[in-house]
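Chains, contacts and geometry: an overview
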Amino acid sequence: MKGKLRIVSVAAAVVAAAAALLVFAPPLQPDTRIVNEIAIARPPQQVYDYVTTPANWPRWHPSSLAVRGATDHSLALGESVVEDFLVAGRRGTVTWTVVAREPPMRWSIEGKNIGSRGGGTVTYTLRPDGAGTRFERVLTYRMPNLLAAILDHFGVRERVAAESAEAVARLKAALEKS
């Protein structure tokens, strides 16, 4: 009986250790990078002002539920805003801080998820394209643990990529209808 109890105890310890590794070990993969590019029939400054003003995000990005803080203007270097999101079926809150600003050509924000170790970076690059703008959005994120990295590989990344593609299509529609 003692032998069986010892085997069960060892097995339970192994399972607990494996679960802890999945949840707490950093992922063994590089950052996930999703790039979307689209032509928008508006000048770069108009596109830049629109996409860098957080109050506009819920109007064009399907994952953006609400923003609060400094939302009524194009955010300057070092400014932050809080966003509630729904990405790939997961709700959360992130604080975005502007880390690069070169109007009207480049803007970058870093996000830290509130209540978790997740986060990422979004960078917008704008180039003149005839009378309009070539707009590029790059989302880079690292999953907070090995289990999340596995889930990212088996479906989360594809959902995030689809939401990102929908976002830039909505952005184009929103700007070109006005």
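None of the values given here were measured: they were computed from a predicted structure.

It is worth spelling out the side chain of Ser-74 at this point. Examined against the element boundaries, Ser-74 turns out to sit in the loop between β2 (64-69) and β3 (80-87). Overall, Ser-74 belongs to the buried group, its relative accessible area being 15%. A distance of 2.5 Å separates a polar atom in the side chain of Ser-74 from a polar atom in the side chain of Thr-52. Each residue touching Ser-74, except ones within four places of it in the same chain, is listed here: Tyr-48, Asp-49, Thr-52, Thr-53, Glu-79 and Arg-101.

Okay, the pairing of strand β4 (residues 90-102) next. Summarising the sheet, β3 and β4 pair through eight bridges and their orientation is antiparallel. For Val-81, the partnering residue across the bridge sits in β4 and is Trp-96. Linkage of β3 to β4, two consecutive antiparallel strands, is achieved through a turn of two residues, within which Ala-88 is found at a positive phi near 50 degrees. Relative to strand β5 (residues 106-113), β4 is paired through eight bridges, and the arrangement is antiparallel. Looking at the pairing, Val-94 lines up with Asn-113 of β5.

The next thing to look at is the nonpolar core. Judged by nonpolar contacts, the single largest core of 32 residues is most densely connected at Val-51, Trp-57, Trp-60, Trp-107, Tyr-124, Phe-135 and Leu-171. Sorting elements by how many residues they give to this core places helix α4 (residues 146-177) first, with six residues. The contact partners of Phe-135, leaving out residues within four places of it in the chain, are Asn-36, Glu-37, Ile-38, Ile-40, Val-47, Val-51, Tyr-124, Thr-125, Leu-126, Val-168 and Leu-171.

Let us look at the pairing of β3. For a regular strand, side chains alternate in direction, first toward one face of the sheet and then toward the other. Pairing of β2 with β3 involves five bridges; the strand directions are antiparallel. Along β3, the bridge assignment pairs Val-67 with Glu-83.

Here is what the cut-offs are and how they apply
Residues numbered from 1 in each chain as written. Predicted model: local features only at pLDDT ≥ 70, side-chain atom pairs only at ≥ 80, totals over all residues. Heavy atoms only, no water. Helix = DSSP H or I, 4+ residues; strand = E, 2+ residues; numbered from the N terminus. Buried < 20%, exposed > 50% of the residue type's maximum accessible area, 1.4 Å probe, protein only. Polar contact = N/O pair within 3.5 Å; in protein donor to acceptor, adjacent residues only side chain to side chain. Contact = heavy atoms within 4.5 Å. Pairing = 2+ DSSP bridges. Core = buried A, V, L, I, M, F, W, Y, C linked by side-chain atoms within 4.5 Å.

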